[in-house]
Amino acid sequence: MSASRLLLQGMASLNYSSLPTSLRSASSHTSNSSIKNRNFEFNGIDDAVECFNRMVHMHPPPSTFEFNRLFGSIVKMNHYSAVISLAKSMELFGIKLNIVNCLCCLRNVDFGFSLLGKILKLGLQPNTVTFNIIIKGLCAEAKVAHAVRFFDEMVDNGHQPNTVTYNTMINCFCKVGYTHVAVHLLNKMESRGCKPNVVAYSAVIDGLCKDMQFDNAFNLYLEMMEQGVTPDVVTYNSLIQGACNSGQRKATTRLWKEMIAKRITPNVITFSIVVDKLCKEGKILEAECVLGKMIDIDVDPDVFTHSALMDGYCLVGRIDRHWSCLIPLLKRVFNLMLLVIIY
């Protein structure tokens, strides 16, 4: 059993007031000032839980702000369930904490709404961050209509959405195929005092490319640069994929050159898109050249790159090369299986 589980089980049956005075003073050896000065960076979840255990036994206990900092670090480690367990344990010591974020990340948005209701009943005003968490949770559960309604109510009640709010909504619309709504929202952003950033533009560009509207996506790409927003590798990956799917070879080459000219390094996704397109056209030699460039800049081919090459070799009848490509692919799959077994 891990150290974190042992600590949590021990805390569940522990009442601070029942501790002997000597033990209480020993457990509160860590001062409030040392807690305030620490950066809350941990080697793992067990280390974080040990810090939590020290904090709840301090007399007086640290402020809610310090617990928020601790829980924020645990959330960054993706241990959402641990945060909920620790927050429940805190109630034994009379300390309550908002865990809306953790609930929404665990796709328990309904519980998140319940907590939000309690916050409002107490007369407290949630901030934009809380609203963003709820919207993100609704989008994660594909409850688009609920997210839109909540977004509208947020605006109607005088809460100003920020860039994160808009980005979340735009990304959600694009993922469910409502790209035209995402375009409309993108156009509304600046008029509402929120300038679109590269995340918003890239999400819409990706949605347009997937809807086979490459020309519109490319025009939006030109518009974003006119607005002073610099595209990143995610933007170019979507555009290059869109150009390939639309059969616009010249546009693919242009985008590749522009990407290199802007000193944006292609990643494994970029290379895999190009290799896949070349292989489907039977241009194996060109695909091998791209693979060579990929290796030259220390970008490792992944399963998708090797799969594209294998399909290409089969297409042109080069079964010998097919098998030579299969060996590194099997090695990668085997290594992935080992990682899954280990963790």
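Residues numbered from 1 in each chain as written. Predicted model: local features only at pLDDT ≥ 70, side-chain atom pairs only at ≥ 80, totals over all residues. Heavy atoms only, no water.

## Some words on the overall build of the chain
Per the secondary structure count, the chain includes 20 helices and 0 strands. Surface exposure of the chain reaches about 19,100 Å², of which carbon and sulfur atoms provide 56%. (Helix = DSSP H or I, 4+ residues; strand = E, 2+ residues; numbered from the N terminus. Areas by Shrake-Rupley, 256 points an atom, 1.4 Å probe, with all protein chains shown as cover.)

## Concerning helix 14 (residues 214-226)
Since the α-helix turns once every 3.6 residues, residues separated by three or four places project in the same direction. Between its terminal C-alpha atoms helix 14 stretches 18 Å, which fits the 18 Å expected from 13 residues at 1.5 Å a residue. For helix 14, the complete set of buried residues consists of Phe214, Ala217, Phe218, Leu220, Tyr221 and Met224. The buried side chains of helix 14 occupy one side of the element, clustering within an arc of 160 degrees when seen end-on. Opposite the buried face of helix 14, by more than 90 degrees, sit the exposed residues Asp215 and Glu226. After helix 14 finishes, the residue Gly228 shows a positive phi value of roughly 85 degrees. (Expected span 1.5 Å × (residues − 1). Buried < 20%, exposed > 50% of the residue type's maximum accessible area, 1.4 Å probe, protein only. Arc of directions from axis to C-beta.)

## Considering the pattern of salt bridges
Scanning the model with the defined rule gives 8 salt bridges in all. When the shortest N-O distance is used, the salt bridge between Glu141 and Lys143 registers 3.0 Å. One salt bridge in this structure joins Lys210 and Asp206, with 3.1 Å as the shortest N-O distance. Placement of the pair is Lys210 and Asp206 together in helix 13 (residues 198-210), with a separation of 4 residues, close to one helical turn. (Salt bridge = Lys/Arg side-chain N within 4 Å of Asp/Glu carboxyl O.)

## A closer look at the nonpolar core
Counting residues in each nonpolar core, the largest one holds 60 residues, and the members touching the most others are Ile170 and Leu255. The element contributing the most residues to this core is helix 13, with 7 residues. With 20 residues, the next largest nonpolar core counts Cys51, Phe52, Leu70 and Phe93 among its residues. (Core = buried A, V, L, I, M, F, W, Y, C linked by side-chain atoms within 4.5 Å.)

## Quick notes on the packing of aromatic side chains
This model, assessed by the stated rule, comprises 6 aromatic pairs. Ring geometry for Phe131 and Phe150: centres 5.6 Å apart, planes at 50 degrees, overall tilted. Here Phe150 lies in helix 10 (residues 144-156) and Phe131 lies in helix 9 (residues 128-140), a separation of 19 residues in the sequence. Comparing Phe131 with Phe150 shows no difference in burial state: the two are buried. The interplanar angle of 35 degrees and the centroid separation of 5.9 Å between the aromatic rings of Phe214 and Phe218 together place this pair among those described as tilted. Residue Phe214 and its partner Phe218 are both found in helix 14; the two are separated by 4 residues, about one turn of the helix. Considered together, Phe214 and Phe218 belong to a single accessibility category, that of buried residues. Three or more aromatic residues joined by ring pairs form one cluster here, namely Phe214, Phe218, Tyr221 and Tyr236. (Phe/Tyr/Trp six-rings, centres within 6.5 Å; stacked < 30°, edge-to-face > 60°.)

## A few points about the packing of helix 10 against helix 11 (residues 163-175)
Close contact between helix 10 and helix 11 brings their axes to 11 Å; oriented N to C, the two are set at 155 degrees. Classified by the angle between their axes, helix 10 and helix 11 sit roughly antiparallel to one another. Handedness of the helix 10/helix 11 crossing: left-handed. In this structure, helix 10 uses Val144, Ala147, Val148, Phe151 and Met154 to contact helix 11, whose residues at the interface are Thr165, Tyr166, Met169, Cys172 and Phe173. Residues that form the contact of helix 10 with helix 11 fall into these classes: 9 nonpolar, 1 polar and no charged. (Axes fitted to C-alpha atoms, helices over the stretch in contact; angles between N-to-C directions. Parallel < 35°, antiparallel > 145°, perpendicular 65-115°, else oblique. Left-handed = near helix turned anticlockwise from the far one by under 90°. Contact = heavy atoms within 4.5 Å. Nonpolar A, V, L, I, M, F, W, Y, C, P; charged D, E, K, R; others polar.)

## Looking at the packing of helix 11 against helix 13
Put simply, helix 11 and helix 13 touch, their axes get as near as 9 Å, and they point 10 degrees apart. Taken together, the axis directions place helix 11 and helix 13 in an arrangement best described as roughly parallel. Every residue of helix 13 that contacts helix 11 at Asn167, Ile170, Asn171 and Cys174 is listed here: Val199, Ala200, Ala203, Val204 and Gly207.

## A word on the confidence of the model for the chain
Scored by pLDDT, the chain comes out at a mean of 78, with 71% of its residues at no less than 70. Confidence drops under pLDDT 50 across residues 1-30; counting only partners more than four residues distant or on other chains, this segment forms 41 contacts. (pLDDT = per-residue confidence, 0-100.)

## What to know about the environment of Pro231
Position of Pro231 relative to the elements: it lies in the loop between helix 14 and helix 15 (233-245). On the basis of relative accessible area, Pro231 is assigned to the buried category, the value being 4%. Note: C-alpha distance between Pro231 and Ser202 (29 residues apart in sequence) is 7.7 Å.

## Focus: the environment of Tyr166
One can find Tyr166 in helix 11. Separated by 19 residues in the primary sequence, Tyr166 and Leu185 place their C-alpha atoms 7.7 Å from one another. With residues near it in sequence (within four places) discarded, Tyr166 still touches Phe151, Pro161, Leu185, Met189, Arg192 and Cys194.

## Points about unusual backbone geometry
Phi at Met212 takes a positive value of approximately 60 degrees, unusual for a residue other than glycine. Tracing the sequence through the fold places Met212 in the loop between helix 13 and helix 14. A positive phi angle is found at Arg263, which is not glycine, with a value near 60 degrees. By relative accessible area, Arg263 is classed as exposed at 79%.

## Some words on helix 17 (residues 268-280)
Given a rise of 1.5 Å per residue, 13 residues ought to cover 18 Å, and the 18 Å separating the end C-alpha atoms of helix 17 matches this to within 8%. For helix 17, the set of buried residues is Thr270, Phe271, Ser272, Ile273, Val274, Val275, Leu278 and Cys279. Looking at the buried positions of helix 17, the neighbouring elements they touch are helix 15, helix 16 (249-261), helix 18 (284-296) and helix 19 (303-315). Its side-chain oxygen at 3.1 Å from the backbone nitrogen of Ile269, Asn267 defines the N-terminal cap of helix 17. Looking one or two places after helix 17, you find Gly282, whose phi comes out positive at around 80 degrees. (Polar contact = N/O pair within 3.5 Å; in protein donor to acceptor, adjacent residues only side chain to side chain.)

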